[in-house]
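Coordinate inspection notes
Residues per chain are reported as follows:
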Amino acid sequence: MEEKLEKKGHKLQLNDRKQGIISGVKDVISFDPDVVLLDTYLGLLTIKGKDLHVKRLTLERGEVDIEGEIDSFLYTESKSAKRAAFASR
């Protein structure tokens, strides 16, 4: 199953910095109104902004919809970034 999702790839669509549609998501690590941390097939994706909300989450299909004021996207390597994310809490 994991191989099939990985072959689908990873896609990020941003509309007017207010709505993001992301595919190729393996897991949601954490989320709050300022930061959403997603584990994708291309590494960890940190989304920063204001009043962020996870509007739709379908991990079976690897899809997440985010709404709010989106300021930035940052990719990092999965293993080291997970440790850093948990250590900073």
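Before going into details, it helps to say that this report is about the structure given with it. (Residues numbered from 1 in each chain as written. Predicted model: local features only at pLDDT ≥ 70, side-chain atom pairs only at ≥ 80, totals over all residues. Heavy atoms only, no water.)

1. Considering the nonpolar core
Let me state the cut-off plainly: By nonpolar core we mean a set of buried residues, namely Ala, Val, Leu, Ile, Met, Phe, Trp, Tyr and Cys, connected to one another through side-chain atoms within 4.5 Å. Only protein chains enter the area calculation, which uses a 1.4 Å probe; residues under 20% of their type maximum are buried, those over 50% are exposed, and those in between are partly exposed. Think of it this way: any DSSP run of H or I at least four residues long counts as a helix, any run of E at least two long counts as a strand, and we number them from the N terminus. Contacts are residue-level and defined by heavy atoms, with any inter-residue pair within 4.5 Å sufficient.
Counting residues in hydrophobic clusters, the biggest one holds eleven residues: Ile 22, Val 25, Val 28, Val 36, Leu 38, Leu 45, Ile 47, Leu 52, Val 64, Ile 66 and Ile 70. Where this core is concerned, the elements lending two or more residues are strand S3 (25-31), strand S4 (35-40), strand S5 (43-58) and strand S6 (63-76). Excluding anything up to four places from it in sequence, Ile 70 contacts Leu 14, Arg 17, Lys 18, Gln 19, Gly 20, Ile 47, Lys 48, Gly 49 and Leu 52.

2. Comments concerning unusual backbone geometry
Its identity as a non-glycine residue notwithstanding, Arg 17 has a phi of 55 degrees, on the positive side. Along the chain, Arg 17 falls in the loop between strand S1 (11-15) and strand S2 (19-23). Phi at Asp 51 is positive, roughly 55 degrees, even though this residue is not glycine. Summarising the element assignment, Asp 51 is placed in strand S5.

3. Points about the environment of Leu 14
Mapped onto the elements, Leu 14 comes out in strand S1. C-alpha separation for the pair Leu 14 and Ile 66, spaced 52 residues apart in sequence, amounts to 9.3 Å.

4. Re the environment of Ile 22
Mapped onto the elements of the fold, Ile 22 is located in strand S2. Separated by eleven residues in sequence, Ile 22 and Lys 11 have C-alpha atoms that sit 5.7 Å apart. In this structure Ile 22 touches His 10, Lys 11, Leu 12, Leu 38, Leu 45, Ile 47, Gly 62, Glu 63, Val 64 and Ile 66, once residues within four positions along its chain are discounted.

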